[in-house]
Amino acid sequence: MGTSDDDGRTDAQLLGAVADGARSAMHLLYRRHAPWLVLRLSRRCADPGLVDEVVQDTFVAVWRRPGGYRGTGEVAAWIWGIGVRRLIDGFRRQPARRLPLVDANEPVPSAEEQVLLGVEHGDLAGALNSLSPELRAVVQATVLDGLTTREAGRLLGIPPGTDKTRMMRAKPLLREALV
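Residues numbered from 1 in each chain as written. Predicted model: local features only at pLDDT ≥ 70, side-chain atom pairs only at ≥ 80, totals over all residues. Heavy atoms only, no water.

### Focus on the overall build of the chain
- The helix and strand inventory of the chain stands at 9 helices and 0 strands.
- Sequence-ordered secondary structure for the chain, helices as α and strands as β, is α-α-α-α-α-α-α-α-α.
- Going through the 179 residues of the chain one by one, you find that 40% of them count as buried.
- In the chain, the proportion of contacts linking residues at least 24 apart, taken out of those at least 6 apart, comes to 64%. (Helix = DSSP H or I, 4+ residues; strand = E, 2+ residues; numbered from the N terminus. Buried < 20%, exposed > 50% of the residue type's maximum accessible area, 1.4 Å probe, protein only. Contact = heavy atoms within 4.5 Å.)

Written out as structure tokens, the structure is:
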């Protein structure tokens, strides 16, 4: 190993090498992406054991199916999508928790808050799956990952205005699916 974790290849090139069975390429992808994946998953899950399991499962999935990346958008967004789906699966495996009763005087949660509650309680997968892939990617990047529209646009390879429009279209659909 050199002093730098970057050998000059893009993530897409590394995935191509992983498809050919190059363990060193997989190791480099892991070193590039695991730290931010752990951080972002930890924002959505307080159980460090589950986060570690999800990160491991995510990179096992990358190793087994590097061809799942279709070459559109950023590899990081593809990895994030795998990680979020694995986290949702992890939440589903956990026993259901009782939620406290809501006081009638409390404000109604926003669509974003309902989405985040759905991540914690496992009903988000159905709501997200009801969205088109384009809308789902924007929701994942902006709401679940907390990216700005500019960051999400860069990550997804779309202009910030398109990102905002897709989010506007996704909100009422999620609201309806999460009620």
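Moving on, there is more to tell.
### Quick look at the packing of helix H2 (residues 23-42) against helix H3 (residues 48-64)
- Relative to each other, H2 and H3 sit at 145°, their axes nearing to 10 Å. Note on packing geometry: the crossing formed by H2 with H3 is right-handed. On H3, the residues that touch Arg-23, Met-26, Leu-29, Tyr-30, His-33, Ala-34, Leu-37, Val-38, Leu-41 and Ser-42 of H2 are Val-51, Val-54, Val-55, Thr-58, Phe-59, Val-62 and Trp-63.
- Of the residues in the contact of H2 with H3, the class split is 13 nonpolar, 3 polar and 1 charged. (Axes fitted to C-alpha atoms, helices over the stretch in contact; angles between N-to-C directions. Left-handed = near helix turned anticlockwise from the far one by under 90°. Nonpolar A, V, L, I, M, F, W, Y, C, P; charged D, E, K, R; others polar.)

### Some details on the side chain of Thr-142
- The topology assignment puts Thr-142 in helix H7 (residues 133-144).
- For Thr-142, a relative accessible area of 16% puts it in the buried group.
- Polar contacts involving the side chain of Thr-142 include one to the main-chain carbonyl oxygen of Val-138, which spans 2.7 Å.
- Those residues within four positions of Thr-142 in sequence are excluded, and the remaining contacts are Leu-147, Ala-152, Asp-163 and Met-167. (Polar contact = N/O pair within 3.5 Å; in protein donor to acceptor, adjacent residues only side chain to side chain.)

### Considering helix H9 (residues 160-178)
- Along its 19 residues, H9 runs 26 Å from first to last C-alpha, staying within 8% of the 27 Å computed at 1.5 Å per residue.
- The set of residues buried in H9 consists of Asp-163, Met-167, Ala-170, Leu-174 and Leu-178. (Expected span 1.5 Å × (residues − 1).)

### Some details on the packing of aromatic side chains
- One pass over the structure, following the stated rule, counts 3 aromatic pairs.
- Between Tyr-30 and Phe-59 the ring centres are 4.9 Å apart and the planes differ by 70°, which places this aromatic pair in the edge-to-face class. With Tyr-30 in helix H2 and Phe-59 in helix H3, this pair connects stretches of sequence that are 29 residues apart.
- The class for Tyr-30 is partly exposed, based on a relative accessible area of 38%. (Phe/Tyr/Trp six-rings, centres within 6.5 Å; stacked < 30°, edge-to-face > 60°.)

### Observations concerning the confidence of the model for the chain
- The pLDDT averaged across the chain works out to 81; a share of 80% of its residues lies at or above 70.
- Of all secondary-structure elements in the chain, the lowest mean pLDDT belongs to helix H5 (residues 111-121), at 58, while H3 reaches the highest, 95. (pLDDT = per-residue confidence, 0-100.)

### Topic: the environment of Arg-166
- On the secondary structure map, Arg-166 appears in helix H9.
- For the pair formed by Arg-166 and Arg-136, sequence separation is 30 residues and the distance between their alpha carbons is 8.9 Å.
- Those residues in contact with Arg-166, other than ones at most four positions away along the chain, are Glu-134, Leu-135, Val-138 and Ile-158.

### Considerations on the pattern of salt bridges
- Here the structure, examined in full by the defined rule, presents 3 salt bridges.
- The salt bridge involving Arg-93 is made with Glu-53; its shortest N-O contact spans 2.7 Å. Taken together, the residues Arg-93 in helix H4 (residues 75-93) and Glu-53 in helix H3 connect sequence positions 40 residues apart.
- With relative accessibility at 52%, the residue Arg-93 sits in the exposed group.
- Between Asp-89 and Arg-92 there is a salt bridge, with its nearest N and O atoms 3.9 Å apart. A residue pair is termed a helical-turn pair when its members lie 3 or 4 positions apart in one helix, as Asp-89 and Arg-92 do in helix H4 at 3 residues. (Salt bridge = Lys/Arg side-chain N within 4 Å of Asp/Glu carboxyl O.)

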